[in-house]
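Descriptive structure summary
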Amino acid sequence: MQFASSLILQFVELVTALLLAPLLTGWINQCRAWLANRSAPPLTLFYRQLAKLFEKEVVLAANASSLFRAAPYIIFACMALTATIVPTLSTALPLGPAADAIALVGIFALARVFIALAAMDVGTAFGSLGARREMLVGFLAEPALLMVFFTASLISRSTSLSTIVATLGRSELTIYPSLAFAGVAFTMVALAENARIPVDNPTTHLELTMIHEAMILEYSGRHLALIEWAAALKLYAYSCLGLALFFPWGIPQDTAPTSLGLAALSLIFKLAIGGLLTALIETLSAKLRIFRAPEFLGTAFMLAVLAMLVHLLLETAK
Amino acid sequence: MSGYPALPVYAQTINLLAAILLLLSFAMLGQRRIISLINLFMAQGAVLFASTALVAAATNQHHLYWSALITLVLKVFLLPWILHRLIRRLNVKWDIETLINIPTTMMIGLMLVIFSFNLALPISALAGTILRSTLGIAMAVVMLSFLMMITRSKAVPQVIGFLSMENGLFFAATSATYGMPMVVELGIALDVLVGMVILGVFFFQIREQFDSLDIHHLEKLKED
């Protein structure tokens, strides 16, 4: 009985993620349009695009292998899994202990490897170019992300995300200077990983600058829909991760229906503000040249290491 | 909570401000534009003022209020104003050239931070103040400003590095011993101000002689 109900709750969390992710992307696009003085697209645009793409037929290149066809499903599954591992509605869900922070980074890496392989599979120039750039950004962003997780792990003495969030959420009056550093580093990594503006532009199709778009040029129909949805889920997972690590208040540690409802409300509220801030950052900053991206991510790595050092200096008992 | 000792809220806030001070030092190290560099220096002064005022309030050390006030007037308003005026009159808006590229500088800076944190650990164990753990950060700020003075080839960023080093020293004094005696503090404040004015004159002289503010021209100075 206990097991069945927790499974249902996990399912609810997954469905919430699947439904909220396109909404979050739509919200960020809307905010960006407002900030740029354009008339904003409706919030439901992303859902309609997905529906349209699912109805269209898939056009495959003649030399596309089975890897090319399997990749969208693998990527989508990876991103759906990460969205369920990150504690969003409660820290006491069954999939929470299934993977810790390091495994989470591994799942993100798995999805990245598959999207890069699929991009190179057909053999177009753009695919290989995008794959190379994606791997460049990925291999620089990953250590920084791990360092951020290590800082949070040092504070809570555990690499399990549920424990980290529970520990951080409990002590409300403590200010962690290290987490301030880690927060800045995480924001930079999240912008880079989700193909947002300082590193990549999600709306561009200009061949010289695109990274993520270059990799998925060959996809169409339901494959493209799955990949777009997976990208939205990745953004959602990263946002929830950031909120869980740096603003953990409002995530309950039990699974009572009322606390889950409150958690959902606070999550939507926090995501709305986070999305607005993301749009603000994107509007205020210019896209970096691709060769400046290592510097950007190097700064993120440095900040994450500083966070660890500051934690060791200021926050350990002597 | 296992790791974090139960510090009072003001001490935690001071720790946070100290961390921001370190962050600003790194931002200065990685900054390419002179105007942003001055603004960062101003922000550093503001953080220093806030932390000094907070220490004064927390420990009832009245002379620290004066130090905080001097910091506010000198480092948040006067010096940035002079610097802004200087670069406007010198017309130096170009990007800063560094001797080592910026990511490498950052990595060296990281090493320096580890070094100074280690160096400060035994010293801060001797100090009896509430801020003793921030001594490492103060030393790191001094080291990073040093690094900035070494890696920049133009005169204005070097002067900003020098001023930022003074910020670090001031913070070290506050964190280790609740500030220096008033006379010393006033003396240093005046020194910095006069130094700034003299260096301002120097800038014009250097530029007049070499048509550039790159101090490497000074190496070619010969008596003939």
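First things first, this report covers the structure right here in the doc.

1. Brief notes about the overall build of chain A
- On a plain count of helices and strands, chain A comes out with 11 helices and zero strands.
- Ordered by position in the sequence, the α and β elements of chain A form the string α-α-α-α-α-α-α-α-α-α-α.
- In terms of overall dimensions, chain A has C-alpha extents of about 65 × 50 × 40 Å along its principal axes.
- A burial count over chain A gives 48% of its 318 residues as buried.

2. Observations concerning the interface of chain B and chain A
- Counting from both sides, the interface comprises 24 residues of chain B and, opposite them, 23 residues of chain A.
- Those elements that provide at least two residues to the side of chain B that touches chain A are helix 1 (9–29) and helix 4 (102–126) of chain B.
- Residues of the side of chain B that touches chain A, tallied by class, amount to 16 nonpolar, eight polar and no charged.

3. Side note on the environment of L190 of chain B
All names here are of chain B.
- Looking at the element boundaries, L190 is found in helix 7 (residues 182–210).
- On the basis of neighbour count, L190 is assigned to the exposed category, with 12 C-beta atoms found within 10 Å.
- For the pair L190 and L74, spaced 116 residues apart in sequence, the C-alpha to C-alpha distance is 9.4 Å.

4. Overview of unusual backbone geometry
Residues and elements named next belong to chain A.
- The backbone of N37 sits at a positive phi, close to 65°, despite the residue not being glycine.
- Turning to its location among the elements, N37 is positioned in the loop between helix 1 (2–35) and helix 2 (45–55).
- Not every positive phi belongs to a glycine, and A195 is a case in point at roughly 55°.
- With respect to the helices and strands, the residue A195 is situated in the loop between helix 7 (177–193) and helix 8 (212–215).

5. Some points on the environment of F117 of chain B
- Along the polypeptide, F117 of chain B turns up in helix 4.
- C-alpha of F117 of chain B to C-alpha of S133 of chain B: the two residues are 16 residues apart in sequence and 9.3 Å apart in space.
- In this view, F117 of chain B contacts L309 and L313 of chain A together with G136 and A140 of chain B; residues no more than four positions away in its chain are not counted.

6. Concerning the packing of helix 7 of chain A against helix 9 (residues 221–246) of chain A
Residue and element names in this part refer to chain A.
- The contact between helix 7 and helix 9 brings their axes to 11 Å, and the two run at 180°. Compared by their axis directions, helix 7 and helix 9 come out roughly antiparallel. Every residue of helix 9 that contacts helix 7 at L179, G183, F186, A190 and E193 is listed here: Y238, G242, L245 and F246.
- Of the residues belonging to the contact of helix 7 with helix 9, the class tally is six nonpolar, two polar and one charged.

Rules of the game
Residues numbered from 1 in each chain as written. Chains lettered and ligands numbered in written order. Predicted model: local features only at pLDDT ≥ 70, side-chain atom pairs only at ≥ 80, totals over all residues. Helix = DSSP H or I, 4+ residues; strand = E, 2+ residues; numbered from the N terminus. Buried ≥ 20, exposed ≤ 12 C-beta atoms within 10 Å, placed from the backbone. Contact = placed C-beta atoms within 7 Å. Nonpolar A, V, L, I, M, F, W, Y, C, P; charged D, E, K, R; others polar. Axes fitted to C-alpha atoms, helices over the stretch in contact; angles between N-to-C directions. Parallel < 35°, antiparallel > 145°, perpendicular 65-115°, else oblique.

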